[in-house]
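# Per-entry structural report
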Amino acid sequence: MADKISKILEIKKTHPSNIMAACFDASYYESLTPDSQDRFLKCLNSGIENPDSQVGCYACQPDDYDAFRPFFLNVLQSYHKVDLLKTKHVNEWSLDSEPDLPENAQLDLSKFGLPPDISIRMRTGRNLNQFPLPGSMTKQDRINLELEMGGTFKKLISNPKYGGQYYSLTPGHPSFIENDQYLKLVEDHLMFKDMSSDTYLVSAGISQDWPFGRGCYVSEDRSTIIWVGEEDHLRIISMKKGTLLNNAYNNLKEALDITEPLINGGFAHSKEFGVVTSCPTNIGTALRASIHLKIPKLMENEKDAKAFIKSLGMSVRGKGGEHTAMGADGLVDISPSSRFCITEARIVATLYKGIKTILEKEGEQT
Ligand code: CIR
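The structure contained in this document is the topic of the report that follows. Throughout, residues of each chain are indexed from 1 in the direction in which the sequence is written. Residues qualify for local features only when their pLDDT is at least 70, as the model is predicted, and side-chain atom pairs are given and counted only at 80 or more; totals for whole chains, interfaces and linings, by contrast, use all residues. By convention in this description, side-chain values take in all heavy atoms of the structure and omit both hydrogens and water.

Here we come to the packing of aromatic side chains. Given two aromatic rings, their pairing is described by the distance between the two centres and the angle made by the two planes. Between 30 and 60 degrees the pair is tilted, below 30 it is stacked and above 60 it is edge-to-face, where a pair is any two Phe, Tyr or Trp rings, Trp via its six-membered ring, whose centres lie within 6.5 Å. Scanning all chains against the criterion turns up 15 aromatic pairs. Residues phenylalanine 71 and phenylalanine 72 carry aromatic rings whose centres are separated by 5.1 Å and whose planes lie at 70° to one another, so their mutual orientation is edge-to-face. What makes phenylalanine 71 buried here is its relative accessible area of 2%. Look at phenylalanine 153 and tyrosine 166: their rings are 4.8 Å apart centre to centre, the planes differ by 15°, and that puts the pair in the stacked class. One end of the pair, phenylalanine 153, is in helix H7 (residues 139-158); the other, tyrosine 166, is in strand S2 (residues 165-168), and 13 residues separate them in sequence. Relative accessibility under 20% of the residue-type maximum defines a buried residue, over 50% an exposed one, and the middle range a partly exposed one, all with a 1.4 Å probe and only protein chains included. Think of it this way: any DSSP run of H or I at least four residues long counts as a helix, any run of E at least two long counts as a strand, and we number them from the N terminus.

In structure tokens form, the structure reads like this:
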């Protein structure tokens, strides 16, 4: 243990951008009981083993953010660039809470010239109160989480609005699929990749016991997807074709509303910080709302385009997601950057307004 502490103190000096190390306070650590010290260090392991981490810590129990509040408060303020003395996180899905939206908050992108086959993706993460977070799960916990979710998926499958099926990677599970079928689901962007090559997730304990307890539910029309056993217990994904942002948004909210009451003990939520996720970057709403836009003229100057999009509170990725290259014809994936100290409604309003401004600017390019 002393080893780990000296390593953190070293990283503080060598890697000042590692938020975990920057926020580590030895006297706070000393004030904890020996059991709490163990539990706390478990959260910091990823950043200790990977000094180049940007954040460097993960919550490993549903109440870690509250239990280690003095530390996580600083991490969250630092990463999300918020002052929690002045700003409180609030979850709010109603678009009526947002000013300056079109009548009845109908967020129709066809007004900006987007085609009817445009695809909108929204995802959020949820963790169950009854299990440790993925970083501290045993193999049996992972298997039990998947079994616990079985009842919920059965209900969704028998509901005509959803139907579809569950695919499991767990050997011996009744819905087990072979590797070729799994790879096809990954190719179709329905299932997540093996996380074992992500060094941060390995050090965090999140990717262990692959492929046990991993799987995904896919609705008949493929618009509602629930991943089991990735970075969070659940990732709930809504994918809708069409120009009305409301469709993807409402579909996501409905999937959450139908799922949560079916789960023993419900989802982990912090009074102060909102939706609890493994990674501090996702806490609050865990909501990522994105769209693929073609902005070839703006993307001729990628650096300026990125800075402009950033100034609107949005991030740009390649069309294949995080760390992928920009697509041909200036095709990019854009999404509001904030997840914390912002409401769900504001995230979607930011996306809508951002798309409008970006496309106007694209139109002005010669
Ligand atoms: C890190 O701290 O760099 C890794 N644990 C990954 C954090 C993930 N997300 C991010 O930086 N946006």
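Don't stop here, the text continues.
What follows is about the nonpolar core. The criterion is simple. A nonpolar core is a set of buried Ala, Val, Leu, Ile, Met, Phe, Trp, Tyr and Cys residues joined through side-chain atoms within 4.5 Å. Core analysis: the biggest nonpolar cluster contains 57 residues, and Met122, Ile291, Ile334 and Ile355 have the highest contact counts within it. Examining the composition of this core, we find that 9 residues originate from one element, helix H13 (residues 344-364), more than from any other. Here, two residues are considered to be in contact whenever any of their heavy atoms come within 4.5 Å of each other. When near neighbours in sequence (up to four residues on either side) are disregarded, isoleucine 355 contacts Leu109, Phe112, Leu114, Ile291, Leu293, Met314 and Ile334. Residues Val55, Cys57, Ala59 and Ile283 belong to the second largest nonpolar core, which totals 36 residues.

Salt bridges are identified by distance alone: a Lys or Arg side-chain nitrogen within 4 Å of an Asp or Glu carboxyl oxygen. Under the counting rule described, the total for this entry stands at 17 salt bridges. Of the charged contacts in the structure, one is a salt bridge between aspartate 329 and lysine 294, with a shortest N-O distance of 3.9 Å. On the criterion of sequence distance, the pair formed by aspartate 329 in the loop between strand S9 (314-317) and strand S10 (331-336) and lysine 294 in strand S8 (residues 288-294) is long-range, its members being 35 residues apart. A network of salt bridges, in which partner residues are shared, links Glu230, Glu231, Asp232 and Arg235.

Read these as layout, nothing more, since geometry by itself doesn't imply function.
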